[in-house]
Amino acid sequence: MAGLSTLILLLCAAKDVVPSSSHWKPTWPSYRVPVILPQSTLNLDKPQFDAEARLEVVSPCGPACHKSSPLPTYEEVKNYLSYETLYANGSLTETEVGIYILSSSGGGSQGKSRTKRQIYGYDSRFSIFGKDFLLNYPFSTSVKLSTGCTGTLVAEKHVLTAAHCIHDGKSYVKGAQKLRVGFLKPKLKDGSKGANITNSAMPEKMKFQWIRVKRTHVPKGWIKGNANDIGMDYDYALLELKKPHKRKFMKIGVSPPARHLPGGRIHFSGYDNDRPGNLVYRFCDVKDETYDLLYQQCDAQPGASGSGVYVRMWKRQDNKWERKIIGIFSGHQWVDMNGTPQDFNVAVRITPLKYAQICYWIKGNYLDCREG
C-alpha cells in the first residue's frame, strides 16, 4: 500500500507547480522532483552490436491507447528507470535504482504498408545555412550521431538523444561501441587561414568534427518494454563524451502541460536524412499528450529522431527568458483513430522522474537535481 501511495505522489509531482503571477508571459513552473539513486550495479556480458540502426520507431498505439493503459506499479517504475551503461571498451553494466520523495523543505492498426512520409501538407521545415546561424545558440546545440540520428548538447560533456539510436530494444546497434558525435564546423578554403572570403550568395560549406563517446546510459524501460509499447515512454539515452565540447548547451527541464506551452508549440532541429549535411529547424502545435508523450505533426524525416524538443519561457527566479529541452523527438506513429488511419510524430516528455534520472546521470549528485 505504501508503494502505491508513493507511486501516486510520483505521478502527481508534475501537477505540483507554483502558479505564475506574470500572466502576460509564459513562465517556467517550479516542480518538486523525486530522487533517483543507484542501489546496485551488476556486470553483464559484452553485447554483440549486431542490430541495424533504425532511424524511426513505428507504433500502432496512439494517444487513446496509451491513456487507457494501466498505471505502472511502484516496482515497475523502479524497473523501467533502472538502466544499462555501455562503455567504449565494450563492457556493459546494469544498475538498479531506488526512488525517493523528499519533503518540500529538503529542497491502432497499421493497415497497408506504405512509406511514412512524416510530412503534413506543405513542408514547413527550414534548412539552416551559414556559420552565423549554425554556430550560434540554439542551433549550435544540435549534433549528429554516427549511427545517423540527432542529439542535443545538455552539459559540458553530455548529449541527449533517443534510445533507439543506440539500441533496438533487443540488441545494441552496429557502431554503438565506437559511437561518435559530430559537430558542424566551417570548411576552410585552401590557403584562406580562416579569412572571411565566402561568397555571400552561396551558403558556407560545413563539415563535421567528431568526438568519441565514453559511455552511454539507456533506461531498462526501453530495453524491456519496446515489444509492447511501454518502451515508447522511455525512448531516450544520454551519451558522455570523452572530452568537453566547449559549446554552449541547453538545459533540460520538466515538460509542462501542453496548454502551458507558449502558443501550444514546440521547436526542434535535426539532421533529417532527406537533406544531407543540413541542419533542419521546425516548430508546430502539440495535438495531444499523455503523461509520457507529446503527439504533434511537426514535419520530420528519419535522422531527426533524438532531437531535443524545446520551448522558450520566462524564468522568474533569474528574471530572464530561457530555453529548455522538455522532450526527445522519437519518431513516427501510424495510429488507427476509430477506424481512420492517422499519422503522428511523437516526442518523449521529460517527466519529473525522467528529469531526476537524466540529471543524476549528468551531475552524479541528486542535490543538484532538486528542481526541474
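The protein chain has the name Serine protease 23 in an unreviewed UniProt entry, where Oreotrochilus melanogaster is given as its organism. Regarding the protein chain, the UniProt comment filed under Subcellular location (unreviewed entry) reads as follows: "Secreted". The record in UniProt for the protein chain states the following under Sequence similarities (unreviewed entry): "Belongs to the peptidase S1 family."

Visitor: Help me understand the pattern of salt bridges, please; the structure alone is not making it clear to me.
Guide: For side chains of opposite charge, pairing can occur when their charged atoms come near one another. Applying the stated rule across the entire model yields 14 salt bridges. Its salt-bridge partner being Glu 75, residue Lys 78 comes within 3.8 Å of it at the nearest N-O pair. Of this pair, Lys 78 and Glu 75 both sit in helix α3 (residues 74-81), three residues apart, which is roughly one turn of the helix. Judged by its relative accessible area of 21%, Lys 78 falls in the partly exposed class. Residues Glu 322 and Lys 315 are paired through a salt bridge, measuring 3.7 Å at the closest nitrogen-oxygen approach. Accessibility expressed as a relative area gives 16% for Lys 315, which makes it buried. Residues joined by salt bridges that share partners form a network here, namely Lys 251, Lys 315, Asp 318 and Glu 322.

Visitor: Just checking my understanding: could you explain α3 for this structure?
Guide: Residues of α3 that are buried include every one of Tyr 74, Val 77, Tyr 80 and Leu 81, and no others. Within α3, the buried residues cover an arc of 125° as seen down the axis, which keeps them to one side.

Visitor: In this structure, what is going on with a positive patch on the surface? I would like to understand it.
Guide: Residues Lys 178, Arg 180, Arg 212 and Lys 242 make up a contiguous surface patch of positive charge. Relative to the assigned elements, Arg 180 resides in strand β8 (residues 180-186). The class of Arg 180 is partly exposed, set by a relative accessible area of 34%.

Visitor: What exactly am I supposed to notice about the state of the cysteines here?
Guide: Simply put, the disulfide is a covalent bond whose two ends are the sulfur atoms of two cysteines. A complete count under the given rule lists three disulfides for this structure. Paired through a disulfide, Cys 149 and Cys 165 show a sulfur-sulfur distance of 2.2 Å. Residues Cys 149 and Cys 165 are joined through a disulfide that is left-handed, its torsion about the S-S bond being -95°. Taken together, the residues Cys 149 in the loop between β5 (142-145) and β6 (150-153) and Cys 165 in the loop between β7 (158-161) and β8 connect sequence positions 16 residues apart. As far as the burial class goes, Cys 149 and Cys 165 line up, both buried. Two residues share a disulfide in this structure: Cys 359 and Cys 369, whose sulfurs sit 2.0 Å from each other. Looking down the S-S bond of the Cys 359 and Cys 369 bridge, the torsion is -85°, so its handedness is left-handed. Here the residue Cys 359 occupies a position in helix α6 (residues 352-363), and Cys 369 occupies one in the segment after α6, the gap between them amounting to 10 residues. Cys 369 matches Cys 359 in its accessibility class, with the two residues each being buried.

Visitor: What is the right way to look at unusual backbone geometry in this model?
Guide: Negative phi is the rule for most residues except glycine; trans is the rule for most peptide bonds. In this model, Tyr 137 is joined to Pro 138 through a cis peptide bond whose omega is 5°. The residue Asn 319 is not glycine, and still its phi comes out positive at about 55°. The residue Asn 319 is located in the loop between β15 (308-315) and β16 (320-337) in this model. The class of Asn 319 is exposed, set by a relative accessible area of 56%.

Visitor: Whenever I open this one, the pairing of strand β2 (residues 83-87) confuses me. Can you help?
Guide: Remember that side chains alternate between the two faces of the sheet whenever the strand is regular. Most of β2 sits inside the fold, with four of its five residues counted as buried. Looking at chain direction, β2 and strand β3 (residues 92-100) are connected through four bridges and run antiparallel. Its bridge partner being in β3, Leu 86 is matched across the sheet by Leu 92. Taken together, β2 and the strand that follows it, β3, pair antiparallel across an intervening segment of four residues, in which Gly 90 is found at a positive phi of about 95°.

Visitor: How do you make sense of the pairing of strand β13 (residues 279-289) when you look at a structure like this?
Guide: The pairing of strand β12 (residues 265-270) with β13 spans six bridges and is classified as antiparallel. Along β13, the bridge assignment pairs Ser 269 with Tyr 281. Here β13 pairs with strand β14 (residues 293-296) via three bridges, running antiparallel. Residue pairing across strands places Val 286 opposite Gln 296, the latter belonging to β14. Adjacent in sequence and paired antiparallel, β13 and β14 are bridged by three residues.

Visitor: Hey, could you run me through the nonpolar core in this one?
Guide: Nonpolar side chains in soluble globular proteins generally cluster together in the buried interior. Core analysis: the largest hydrophobic core is formed by 72 residues, its most contacted members being Leu 81, Leu 160 and Ile 166. Broken down by element, this core gets its largest block of residues, seven residues, from α6. Non-local contacts of Leu 160, meaning those with residues more than four positions away in its chain, are made with Gly 151, Thr 152, Val 154, Ala 237, Leu 238, Ile 252, Gly 306, Ile 325, Ile 328, Ile 350 and Ile 358. Of all hydrophobic cores here, the second largest spans 17 residues; its members include Trp 28, Cys 284, Cys 298 and Ala 347.

Visitor: What is the right way to look at the side chain of His 245 in this model?
Guide: Tracing the sequence through the fold places His 245 in the loop between β10 (237-241) and β11 (251-252). In this structure the side chain of His 245 is engaged in a polar contact, spanning 2.5 Å, whose partner is the backbone oxygen of Ala 155. In this structure His 245 touches Leu 153, Ala 155, Glu 156, Lys 157, Phe 183 and Ile 211, once residues within four positions along its chain are discounted.

Visitor: Looking at this structure, how should I read the packing of aromatic side chains?
Guide: The geometry of an aromatic ring pair is captured by two quantities: the separation of the ring centres and the angle between the planes. According to the stated counting rule, one finds 12 aromatic pairs in the structure shown. Both rings, one in Tyr 281 and one in Phe 283, keep their centres 6.2 Å apart while their planes meet at 40°; by these two values the pair is tilted. These aromatic residues form a ring-pair network of at least three members: Tyr 80, Tyr 83, Tyr 234, Tyr 236 and Trp 361. Directly above the aromatic system of Trp 210 lies the positively charged group of Arg 180, at a separation of 4.6 Å from the ring centroid. The ring of Tyr 234 carries Lys 354 above its face, with NZ or CZ at 5.4 Å from the centroid.

The rules we used
- Residues numbered from 1 in each chain as written.
- Predicted model: local features only at pLDDT ≥ 70, side-chain atom pairs only at ≥ 80, totals over all residues.
- Heavy atoms only, no water.
- UniProt positions renumbered as here; feature names shortened; annotations may be inferred.
- Salt bridge = Lys/Arg side-chain N within 4 Å of Asp/Glu carboxyl O.
- Helix = DSSP H or I, 4+ residues; strand = E, 2+ residues; numbered from the N terminus.
- Buried < 20%, exposed > 50% of the residue type's maximum accessible area, 1.4 Å probe, protein only.
- Arc of directions from axis to C-beta.
- Patch = residues over 30% accessible without salt bridge, like charges linked within 9 Å, V, L, I, M, F, W, Y side chains within 5 Å.
- Areas by Shrake-Rupley, 256 points an atom, 1.4 Å probe, with all protein chains shown as cover.
- Lys, Arg positive; Asp, Glu negative; His and termini not counted.
- Charge placed at Lys NZ, Arg CZ, Asp CG, Glu CD.
- Disulfide = S-S within 2.5 Å.
- Pairing = 2+ DSSP bridges.
- Core = buried A, V, L, I, M, F, W, Y, C linked by side-chain atoms within 4.5 Å.
- Contact = heavy atoms within 4.5 Å.
- Polar contact = N/O pair within 3.5 Å; in protein donor to acceptor, adjacent residues only side chain to side chain.
- Phe/Tyr/Trp six-rings, centres within 6.5 Å; stacked < 30°, edge-to-face > 60°.
- Lys NZ or Arg CZ within 6 Å of the ring centre and 35° of its normal.

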